[in-house]
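Chain by chain, the residues run as shown.
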Amino acid sequence: MTGLLGAALPGVPLVAGLLGLLLPPAPRGEGAARRAAIGLGVAGAAGALLVAVLLLVRVGDPVETSTTWIDLGGLRVTLGVRLDGVAVLVAVAVAAVALAVQVYSVAYLRRGPHDDVDVDHRYPPYAAQISLFTAAMLVVVVSGDLILLLVGWEVMGLCSYLLIAHDRRLPEAPAAAMKAFLVTRVGDVGFLLGIALLGVSAGSFRIADVLAHDHAAGTLTAACLLLLAGVAGKSAQFPLHTWLPDAMAGPTPISALIHAATMVAAGVYAVTRLYPLFTRAPVALAVLGVLASITLLLGALAATAQDDLKRVLAWSTVSQIGYMTGALAVGAPAAALFHLLTHAAFKALLFLAAGAVIHAVGTTLMSRMGGLRRSMPVTFWCTLIGLGALAGVPPLSGFWSKDGVLAAAEAAALDGTGPAPAWVGWLVWLAGLLGVLLTAAYATRLLLRAFFGEPRLPLLHPHDPPAAMRWPVLVLAVPAALLGLAAFWPPFTDRLRGAAADVDLVHLAPAVLLPIVLLLVGAGLAWAGWRRDPAADPARALGPLRPVFARAFRLDDLQHALVVRPTVALARVTRTGDEVGVDGLVEGVGRGSSTLGAGLAALHRAALPRATAAVLAGALLIGLAAALIGVSS
């Protein structure tokens with residue numbers, strides 16, 4: 001029964017998504033098709049959540065069911081599921097966020113600031129693609145085989161492309177979707193090669209077999225580094241992070257889904273699934289620690305200077321995923337997963353609350369907001385909870401999970417307890433502490449710019465969203481506030497820690513005061529800058545660094561100059577060579593033959609007198625030649 005439930009977990013939203021794709025997207029049947037799409041989308045997500053909760057109740061010790069799918073010369077690919085405490089917790093989070101997004105989208109896509117119709121006639125494929133996205137992530141979560149995991153991994157990439165580009169009226173949406181698809185594909189090449197190395201080395205792609213096999217040190221290190229390339233792409237880590245802020249061109253509910261429950265969480269989860277391999281490859285963990293520290297600070301610094309509300313949240317996701325990968329680098333997968341779960345709650349809450357603000361004021365720019373606290377009280381209080389959890393305000397959820405990451409990094413730095421060198425612990429710990437200050441600063445700035453002060457668009461009359469948008473936000477505010485307290489509940493901690501029973505998720509020690517002090521300093525700096533001039537942006541204190549931070553140190557431009565432009569130039573040269581060289585040669589032979597044939601045809605079509613004269617002339621020439629030959633002989 002557990003195995004059947006494990007297969008049904010991705011199967012329910014998969015069936016809902018496939019049926020939804022059969023619905024007509026055209027305006028002719030838009031009323032009935034939209035209602036059917038809403039029913040399928042909500043039912044698929046709700047069914048997945050129900051199955052996940054049942055598995056949460058049933059699964060204690062790890063359970064695995066599998067059957068041989070392909071056997072090529074002894075290299076086996078299996079089809080099955082592998083369930084444990086971590087998998088079912090992540091599955092509950094994925095399904096819960098997906099359900100919230102499906103319900104929220106019903107109202108969010110009904111009418112927007114640029115819509116001239118009451119219903120988005122492309123809603124059926126939108127809802128179906130969310131269901132497929134959810135199913136793909138759940139395949140990654142429960143897969144017992146690396147090839148099956150890769151299938152879910154790649155389907156997520158395809159769904160993200162389709163959903164980011166959903167609103168075709170926005171010129172930047174298709175470009176952002178293409179960028180997300182191509183950048184993540186770069187990492188996925190490494191991910192595929194890493195899976196191939198592990199499978200060939202173990203003689204099987206079954207995860208249990210791969211983990212149990214004694215791989216050669218060089219093979220294992222190379223495979224782990226290749227896997228990290230895929231993680232950097234999917235989880236938007238340096239240097240493959242540039243797609244995520246641009247992906248804000250997609251609908252806001254899709255941003256919530258990508259940032260909280262799918263795509264960016266998939267990379268962290270994949271590393272935890274294969275973590276015993278990484279502990280035997282300290283070089284890979286050291287590389288992961290360096291990338292995590294750079295990403296953590298890069299995302300936080302970029303978020304301090306953004307004016308676009310969604311881009312602030314996007315860069316904060318980049319930074320928070322850096323905390324998770326940093327925890328993995330210092331040997332604390334339980335802390336990484338704990339922060340993944342709390343981040344899913346408060347980041348989904350923040351994006352859906354941001355969608356309510358955008359829906360009300362018709363813009364994503366904070367410079368055109370202000371004073372929304374009075375006209376949108378429900379959205380304000382929910383945003384306050386979400387930003388408090390993001391910044392790590394005690395006792396909200398983010399405080400406990402972020403403190404777990406910092407405590408693990410501190411232990412790795414001071415005591416050398418991690419599987420990576422001690423300097424990795426120092427790097428992650430110091431970057432994490434500075435990240436606390438920066439996160440508090442940009443979270444406070446966002447709250448002040450959007451909800452306090454005077455309205456900057458006085459002609460608008462914003463209000464809290466309708467019930468279909470309001471209730472998902474209110475429900476998500478509960479785990480965003482309280483999920484961190486689950487660290488004191490043994491059934492939760494036992495599932496999250498798995499075999500590492502001696503790992504503590506809560507660290508109530510004097511060291512916890514340092515992050516709180518840094519949080520107060522960061523929030524105080526932003527508040528002081530706003531207090532001096534409530535109409536001005538506190539980010540003006542950055543001075544000449546502001547445009548640098550706003551462009552994220554121009555790494556996107558650097559990537560464009562070093563990779564995109566040379567690739568495009570090479571493609572143009574190749575195209576020109578193909579058209580002028582290969583095609584030119586073939587077409588030139590054809591044109592020459594055609595010209596020669598036309599000339600001969602013109603001679604054959606000559607008038608009768610001219611033809612007779614030509615025949616006589618030819619006969620005379622032949623006779624003359626014969627006579628000359630006879631005389632000479």
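Residues numbered from 1 in each chain as written. Predicted model: local features only at pLDDT ≥ 70, side-chain atom pairs only at ≥ 80, totals over all residues. Heavy atoms only, no water.

With respect to the packing of aromatic side chains
No. 1: One pass over the full model with this rule turns up 13 aromatic pairs.
No. 2: Aromatic side chains Phe-380 and Phe-451 sit 5.6 Å apart centroid to centroid with 55° between the ring planes, which places their arrangement in the tilted category. Of the two residues, Phe-380 sits in helix H17 (residues 377–391) while Phe-451 sits in helix H19 (residues 422–451), which places them 71 residues apart along the sequence. The same class applies to Phe-380 and to Phe-451, which are both buried.
No. 3: Where Phe-452 meets Trp-530, the ring centres are 6.4 Å apart and the plane angle is 75°; that geometry is what we call edge-to-face. In this pair, Phe-452 sits in the loop between H19 and helix H20 (467–482) while Trp-530 sits in helix H22 (residues 513–532), placing the two residues 78 residues apart along the sequence. (Phe/Tyr/Trp six-rings, centres within 6.5 Å; stacked < 30°, edge-to-face > 60°. Helix = DSSP H or I, 4+ residues; strand = E, 2+ residues; numbered from the N terminus. Buried < 20%, exposed > 50% of the residue type's maximum accessible area, 1.4 Å probe, protein only.)

Thoughts on a nonpolar patch on the surface
No. 1: The grouping of Val-478, Leu-482, Leu-485, Phe-488 and Leu-508 at the surface amounts to a nonpolar patch, some 490 Å² of accessible area in total.
No. 2: If you trace the backbone, Val-478 turns up in helix H20.
No. 3: Classification of Val-478 by relative accessible area gives partly exposed; the value is 46%. (Patch = residues over 30% accessible without salt bridge, like charges linked within 9 Å, V, L, I, M, F, W, Y side chains within 5 Å. Areas by Shrake-Rupley, 256 points an atom, 1.4 Å probe, with all protein chains shown as cover. Salt bridge = Lys/Arg side-chain N within 4 Å of Asp/Glu carboxyl O.)

Thoughts on H19
Residues spaced three or four apart along an α-helix face the same direction, because each turn holds 3.6 residues.
No. 1: When the terminal C-alpha atoms of H19 are compared, their 43 Å separation across 30 residues agrees well with the 44 Å that a helix rising 1.5 Å per residue should span.
No. 2: Burial runs high along H19: 24 of the 30 residues are buried.
No. 3: Positioned one or two residues after H19, Gly-453 has a phi angle of 75°, which is positive. (Expected span 1.5 Å × (residues − 1).)

Re the pattern of salt bridges
No. 1: As enumerated under the stated definition, the model contains 15 salt bridges in all.
No. 2: Of the charged contacts, one joins Arg-206 and Asp-209 as a salt bridge, the two residues approaching to 2.7 Å between their closest N and O atoms.
No. 3: Overall, the relative accessible area of 21% leaves Arg-206 in the partly exposed class.
No. 4: One salt bridge in this structure joins Asp-246 and Arg-311, with 3.4 Å as the shortest N-O distance. One end of the pair, Asp-246, is in helix H9 (residues 243–246); the other, Arg-311, is in helix H14 (residues 309–329), with 65 residues separating them in the sequence.
No. 5: Residue class for Asp-246 comes out partly exposed when judged on its relative accessible area of 23%.

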